[in-house]
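Structural overview for review
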Amino acid sequence: MIKAVLISLVLLAAPPQIEDIAFTASSVKRSELPDDFPFQVLYEGFAILNLKMENRSSEAWTFRPEEVEVFEEGGKTLDRAVPTDMAPKLMKYYRGSQRGIYGEGYSGGRPTTQEWEQVPTVEPGKSSGTVSVGVGSSLRAVLEHYQVQEVNLAPGETAEGFFYLKSNKSGGKLAGSSLRFQNQMSIEIP
């Protein structure tokens with residue numbers, strides 16, 4: 001009987017209050033992107049928020065990206081973007097490349113000027129060229145790697161990741177926008 005009462009008390013325990021979650025969001029500028037991140041997303045109608053959260057409660061808490069809403073300063077809702085939306089728009093920067101995202105001989109980090117000059121690009125009015133299937137997969141993999149995922153945070157745990165938006169505003173241009181989570185918490189983006 002005591003075990004049954006104990007189990008029912010555990011099942012009836014309230015989930016952590018949203019106030020017990022430390023949540024911050026900042027608009028990412030090009031200079032703040034990781035070295036291996038395809039910065040061209042900022043020129044293709046996408047913006048990036050860096051979301052950080054910490055569970056300061058005594059209970060586990062689950063973060064779900066689909067529960068995040070972002071509003072421009074005037075109240076207009078910004079749509080979420082996912083890597084499958086983004087990667088196809090980036091492909092034009094890598095046409096003719098069979099050698100990966102940054103070209104042959106590139107070993108990681110921010111490309112040097114010489115390495116960047118070797119990246120195949122397409123000029124307006126030129127032929128479309130060819131695109132390696134591996135390049136598209138590489139782009140999507142990088143975007144997915146940095147994307148904030150659904151995560152179950154134990155007490156004291158933290159998580160961080162990029163939240164992609166369909167917006168021509170990025171960096172400081174998103175200042176004053178707001179983010180709402182679970183229809184409860186609302187924070188302003190600095």
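Residues numbered from 1 in each chain as written. Predicted model: local features only at pLDDT ≥ 70, side-chain atom pairs only at ≥ 80, totals over all residues. Heavy atoms only, no water.

Focus on the overall build of the chain
- A count of helices and strands for the chain gives four helices and nine strands.
- Scanning the chain from its N terminus toward the C terminus, one meets helices and strands in the order α-β-β-β-β-β-α-α-α-β-β-β-β.
- For the chain, with 190 residues in total, the buried portion stands at 39%.
- Partitioning the intrachain contacts of the chain with sequence separation of at least 6 by distance along the chain shows that 79% fall at a separation of at least 24. (Helix = DSSP H or I, 4+ residues; strand = E, 2+ residues; numbered from the N terminus. Buried < 20%, exposed > 50% of the residue type's maximum accessible area, 1.4 Å probe, protein only. Contact = heavy atoms within 4.5 Å.)

A closer look at the sheet that holds strand 4 (residues 68-71)
- What the four strands build is an open sheet, ordered 5-4-8-9; its pairing is antiparallel. For this open sheet the edge positions go to strand 5 (77-78) and strand 9 (185-188), each flanked by a neighbour on one side alone. (Pairing = 2+ DSSP bridges.)

A word on the sheet that holds strand 7 (residues 158-166)
- Judged by pairing direction, the sheet is antiparallel, and its three strands sit side by side in the order 1-2-7 without closing on themselves. Edge positions in the open sheet fall to strand 1 (21-27) and strand 7, since each of these has one partner strand only. Neighbour-to-neighbour, the strand axes of the sheet open up by a mean angle of 20 degrees, direction not taken into account.
- In terms of strand pairing, strand 2 (residues 46-55) meets strand 7 through nine bridges, oriented antiparallel. Bridge pairing links Glu-54 to Thr-158 in strand 7. (Axes fitted to C-alpha atoms, helices over the stretch in contact; angles between N-to-C directions.)

Here's the deal with helix 2 (residues 83-90)
- Along helix 2, the positions that sit buried rather than exposed are Pro-83, Met-86, Ala-87 and Leu-90. Along the long axis of helix 2, the arc covered by the buried residues comes to 100 degrees, so they all point the same way. Exposed side chains of helix 2 directed beyond 90 degrees from the buried face belong to Thr-84 and Pro-88. (Arc of directions from axis to C-beta.)

A few points about the pairing of strand 8 (residues 178-181)
- Side chains Leu-179 and Phe-181 of strand 8 all project onto a buried face; the interleaved residues Ser-178 and Arg-180 project onto a face where none is buried.
- Here strand 4 runs beside strand 8; their pairing, made up of four bridges, is antiparallel. Of the residues in strand 8, the one forming a bridge with Val-70 is Leu-179.
- Looking at chain direction, strand 8 and strand 9 are connected through four bridges and run antiparallel. Within the sheet, the bridge partner assigned to Arg-180 lies in strand 9 and is Ser-186.
- In this antiparallel pair of consecutive strands, strand 8 and strand 9, the connection spans three residues, and Gln-182 shows a positive phi of 55 degrees.

What to know about the pattern of salt bridges
- For the structure shown, the criterion picks out seven salt bridges.
- Glu-54 is the partner of Arg-56 in a salt bridge, and the nearest nitrogen-oxygen pair spans 3.4 Å.
- For Arg-56, a relative accessible area of 59% translates into the label exposed.
- Note that Glu-72 and Lys-169 form a salt bridge whose closest N and O atoms lie 3.9 Å from each other. With Glu-72 in the loop between strand 4 and strand 5 and Lys-169 in the loop between strand 7 and strand 8, this residue pair connects regions lying 97 residues apart in the sequence.
- We classify Lys-169 as partly exposed; its relative accessible area is 35%. (Salt bridge = Lys/Arg side-chain N within 4 Å of Asp/Glu carboxyl O.)

So, the packing of aromatic side chains
- Summed over the entire model, instances satisfying the criterion amount to eleven aromatic pairs.
- Consider the rings of Phe-37 and Phe-162, whose centres lie 5.5 Å apart with planes at 85 degrees: the pair is edge-to-face. In this pair, Phe-37 sits in the loop between strand 1 and strand 2 while Phe-162 sits in strand 7, placing the two residues 125 residues apart along the sequence.
- Here Phe-37 falls in the buried class, since its relative accessible area comes to 0%.
- Each ring, one from Phe-63 and one from Phe-181, has its centre 5.4 Å from the other, and the planes form 15 degrees; the classification is stacked. With Phe-63 in strand 3 (residues 61-63) and Phe-181 in strand 8, this pair connects stretches of sequence that are 118 residues apart. (Phe/Tyr/Trp six-rings, centres within 6.5 Å; stacked < 30°, edge-to-face > 60°.)

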